[in-house]
Amino acid sequence: MTNRTFRRRGVAAAAFVAATTALVAGSALLPGPARADTTVKWLHLEQNPSIATYWAGIAKAYEAQHPGVKIEMQYLENEAYKAKLTTLLQSNDPPDIIYTWGGGVMQEQVKAGVLRDMTGMLDKSYADSFSSAAWNALNYEGKQWGIPMLVSQVGFFYNKELMAKGGVDPAAVKTWDDLLGAVKKLKAAGVTPIIAGGADKWPLHFYWSYLAIRLGGKQAFDDALAGKGDGFASDTFVKAGELFKQLVDLEPFQPGFLGATAPDAYGQFGDGKGAMEFMGNWLYTSQKTGSASGKGIADDNLGFLSFPTVPGGKGEPTDTLGGINGWLVTKKAPDAAIDFLKFFITLDHEREMAAQGFFIPVVKGADADMKNPIFRAVAANLAASKYHQLFYDQMLGPNVGRVVNDVSTNIAAGTISPKDAAQQVQDAWALEH
Amino acid sequence: MGDETAEVRPARPERWIPGRAAKYRTVRGTAPVLILFLPPALLLFSIFVVLPIAEAARYSFFSWNGYNSPDNFVGLRNYLFLLRHAAFHTALINNLLVIAVSLVVQLPLALWLATLLADRIRGASIFRLIFFLPYVLAEIAAGLIWRFVYDGDYGLAGSIAGFFGLPAPYLLADPSTSMAAVLGVIVWKFFGFHMMLYIAGIQAIDRSLYDAAEIDGATRFQLFRFITLPLLGPTVRLSIFFAVIGSLQLFDLIMPMTRGGPSDSSQTIVTYLYSYGITRMRIGFGSAVGVTLFVICVVFAFTYRRTLMRHD
């Protein structure tokens, strides 16, 4: 190519670029509201397309009512979110709204000063519209750091068909020994009793946590937090590991469960590869989206069991383990971020999301239209619960929480004794407090 | 473009006046070049290499969750915890395993294939390409593919076992087999790279040596033993160096396959650093792991270069 033709083409290219720029700029200028003065960056973890679409619709509605504000939805996968958040919050471009499980992780964020105190921007009538347990879960040291959105409970989901095949009557599974008996029956019938996502570890820590709640109740956990006695190395937590080991010794899980992630497990349960999965109530939607057919287990074939009681346990049978999730606002976020959350989490929206079966709402009265029988049962459990324990792995902070996950998984893998497991949790806790 | 080179050419002979060229290089040459080219490189190296290392060394003496600046000085506690932690021992042993497998399986395999494919025989370039392909593939992608291959439910391993009527294997889900499964992938992924190094080395060997040896009646093994291997020495030593350093830094192939699990059975030093340092917001502890890895790498690199690679 000679210089001349090159130059000529260069001119043509420049003209083309200039023309398209003008076009783009022109089209951007024409419709008024696209020009954004404030951008609210909203980081979420929602994998379910119908939920994400519904949220995007709310963001659009807010933008329409508030010219000059743009809601920018950003997405991160669950595990990636947990790993990246610390760096993200201290970068020059942090998200404005972030997802939270409350508990120790949120408390560390408060202590680090990366969150914005929103107490002053929330009036009492708004606060009072929430269930107080949910509202207070995002309160720390007398200040409100976030707005809760949903509450969840962990329990045994079961596949009615497979339970029947194993000759197990789910309604009769009341105690830990009943559960062990059911597992034996299912195994004898050639049915995989329980599906678990062991590679992510936290699905297995539910067992250890819930057993500790049944054995020691609220008192045992509070004592451990306060460092009374042997803390997390006390009898309650050792016994929790021992009971869990009784279950593990029956080899109740699907083959290869230690290599399966939580989403893998959702899909396997949805595909009917096992009779039960011990999971939060979100499994109802996750087993559908995760299954090979995309449909999962039909509603009339799906049941939900509360965690069984243990003989001599000090915990109430009504005590629940689960999560309270919501949204926090970061330090430098504009007022519009908080304003948007107040627009987003309202009785109407919560009622609509509950009616669509997305989750169990936290605004009072929002569960009225909930059709799904499983969610209705969980909501009733939560209403009856006097002690709702947040997930240990979130409650105990990022480090100790993960140690609980580790030891629970190691008990399931048979590589640690229940006594050492409890001791490791206590050691990690003592190192930080 | 043609007219440009035509303009440049006449200027050239002037520069090549003997004596003047030498002056250029020594007196006026070095200083301006140094002033011009050294600072950017030095600056980049300091900011992105030296400074982070120094920072990490400092953080490793603190208990720090990554927020604000570290203020809780704990002395050597992070290092003591590290030395006592069973998962770190597993990680160290796994790294040694990777190195051992690299040296005992991967490099001999690469060398053997290189001797076969270095000659200009028909189809050699196709095979070279095929064997080199795994190396070109991104590590994460390769890890995900192998996670699927090893899967007992939907994967290749499951189908093969099913074909023979055996129970489905779950290699990555069993603490006793996960590391072996990972090692297989490592050999598969990286032997092509070493094979290419060896092929380049073999092709640089003077053909006349082989011709002379063949006239003297040397066998194929003797050709390999007395010509190829000795003359390939520098390349082999270099490839061992790469293999060891690469093994120590192994991370992105393991994360998609096992994340170091189950029960830390396939942890390497770097995956250990990630799962026990970064994801738990223990930046001080993670830094201690990083510094330990750095010391291991530096000690190895220096002693290796000073001893075995001294003459290369």
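Not measured: the values here are computed from a predicted model. (Residues numbered from 1 in each chain as written. Chains lettered and ligands numbered in written order. Predicted model: local features only at pLDDT ≥ 70, side-chain atom pairs only at ≥ 80, totals over all residues. Heavy atoms only, no water.)

Novice: Summarise the overall build of chain A; cite the residues concerned and give the values.
Specialist: A tally of regular secondary structure across chain A gives 18 helices and 12 strands. C-alpha extents for chain A along the principal axes are approximately 85 × 50 × 45 Å. Across the 433 residues of chain A, 55% fall into the buried class. Across chain A, the fraction of contacts at a sequence separation of at least 24, relative to all contacts at a separation of at least 6, is 76%. Taking the 40 positively charged and 44 negatively charged side chains of chain A as two groups, their mean positions are separated by 6 Å. (Helix = DSSP H or I, 4+ residues; strand = E, 2+ residues; numbered from the N terminus. Buried < 20%, exposed > 50% of the residue type's maximum accessible area, 1.4 Å probe, protein only. Contact = heavy atoms within 4.5 Å. Lys, Arg positive; Asp, Glu negative; His and termini not counted. Charge placed at Lys NZ, Arg CZ, Asp CG, Glu CD.)

Novice: How would you explain the interface of chain A and chain B if you had to name every residue and give the values?
Specialist: With 35 residues of chain A in contact, the opposing surface of chain B contributes 25 residues. Carbon and sulfur atoms supply 47% of the area that chain A and chain B bury against each other, a total of about 2500 Å² over both sides. Scanning the region where chain A abuts chain B turns up 3 salt bridges. Here B:Arg259 and A:Asp200 are joined by a salt bridge, their closest N and O atoms 2.4 Å apart. Taken together, chain A and chain B are joined by 11 residue pairs in polar contact (both at pLDDT 80 or more). Secondary structure elements with two or more residues in the side of chain A that touches chain B: helix H3 (78-89), helix H4 (103-111), helix H11 (262-270) and helix H17 (397-413) of chain A. The element contributing the most residues to the side of chain A that touches chain B is H17(A), with 8 residues. (Buried area = accessible area lost by both parts, 1.4 Å probe. Salt bridge = Lys/Arg side-chain N within 4 Å of Asp/Glu carboxyl O. Polar contact = N/O pair within 3.5 Å; in protein donor to acceptor, adjacent residues only side chain to side chain.)

Novice: Go over the domain arrangement of chain B, please, and point to the residues and values.
Specialist: Residue and element names in this part refer to chain B. Per the domain assignment, the segments making up chain B are domain 1 (18-59) and domain 2 (77-307). The partner domain 2 presents 5 residues to the 4 residues of domain 1 that form the contact. At the boundary of domain 1 with domain 2, total buried surface from both sides reaches about 340 Å², with 73% on carbon and sulfur atoms. In terms of surface lost to domain 2, no three residues of domain 1 exceed Ile53, Ala56 and Tyr59, which account for 86% of the buried area on that side. At the surface where domain 1 touches domain 2, the tally comes to 0 salt bridges. At the surface where domain 1 touches domain 2, the tally comes to 0 residue pairs in polar contact (both at pLDDT 80 or more). The residue inventory of the side of domain 1 that touches domain 2, partitioned by class, reads 4 nonpolar, no polar and no charged. (Domains from an automatic or database assignment. Nonpolar A, V, L, I, M, F, W, Y, C, P; charged D, E, K, R; others polar.)

Novice: Give me the packing of aromatic side chains: which residues, what numbers.
Specialist: Residue and element names in this part refer to chain A. Per the stated rule, a full pass over the model turns up 63 aromatic pairs over all chains. Between Phe156 and Phe307, the ring centres sit 6.1 Å apart and the planes meet at 10°, which makes this aromatic pair stacked. Taken as a pair, Phe156 in strand E6 (residues 146-159) and Phe307 in the loop between strand E9 (302-305) and strand E10 (320-329) lie far apart in primary sequence, 151 residues in all. Ring geometry for Tyr210 and Phe278: centres 6.2 Å apart, planes at 35°, overall tilted. Residue Tyr210 is located in helix H9 (residues 202-226), and its partner Phe278 is located in strand E8 (residues 276-280); the two are separated by 68 residues in the primary sequence. For Tyr210, a relative accessible area of 0% gives the class buried. Residue classification places Phe278 among the buried positions, given a relative accessible area of 2%. The aromatic ring of Trp101 is capped on one face by Lys82, whose charged end is 4.9 Å from the ring centroid. (Phe/Tyr/Trp six-rings, centres within 6.5 Å; stacked < 30°, edge-to-face > 60°. Lys NZ or Arg CZ within 6 Å of the ring centre and 35° of its normal.)

Novice: Before we move on, can you summarise the pairing of E9(A) with the specific residues and values?
Specialist: Residues and elements named next belong to chain A. Because side chains alternate across E9, one face comprises the buried residues Leu302 and Phe304, and the other comprises Gly303 and Leu305, equally buried. Examined bridge by bridge, E6 and E9 share 4 bridges and lie antiparallel to one another. Within E9, the residue paired with Phe156 across the bridge is Leu305. (Pairing = 2+ DSSP bridges.)

Novice: Any details on a nonpolar patch on the surface? Residues and values, ideally.
Specialist: All names here are of chain B. A cluster of nonpolar residues, Leu43, Leu44, Phe45, Ile47, Phe48, Val49, Val50, Ile53, Phe294, Val295 and Val299, forms a patch on the protein surface that exposes about 990 Å² of accessible area. Contributions of two or more residues to the nonpolar patch are made by helix H3 (20-59) and helix H15 (283-307). In terms of residue count, the dominant contributor to the nonpolar patch is H3 (8 residues). You can see Val50 is positioned in helix H3. By relative accessible area, which is 42% here, Val50 ends up partly exposed. (Patch = residues over 30% accessible without salt bridge, like charges linked within 9 Å, V, L, I, M, F, W, Y side chains within 5 Å. Areas by Shrake-Rupley, 256 points an atom, 1.4 Å probe, with all protein chains shown as cover.)

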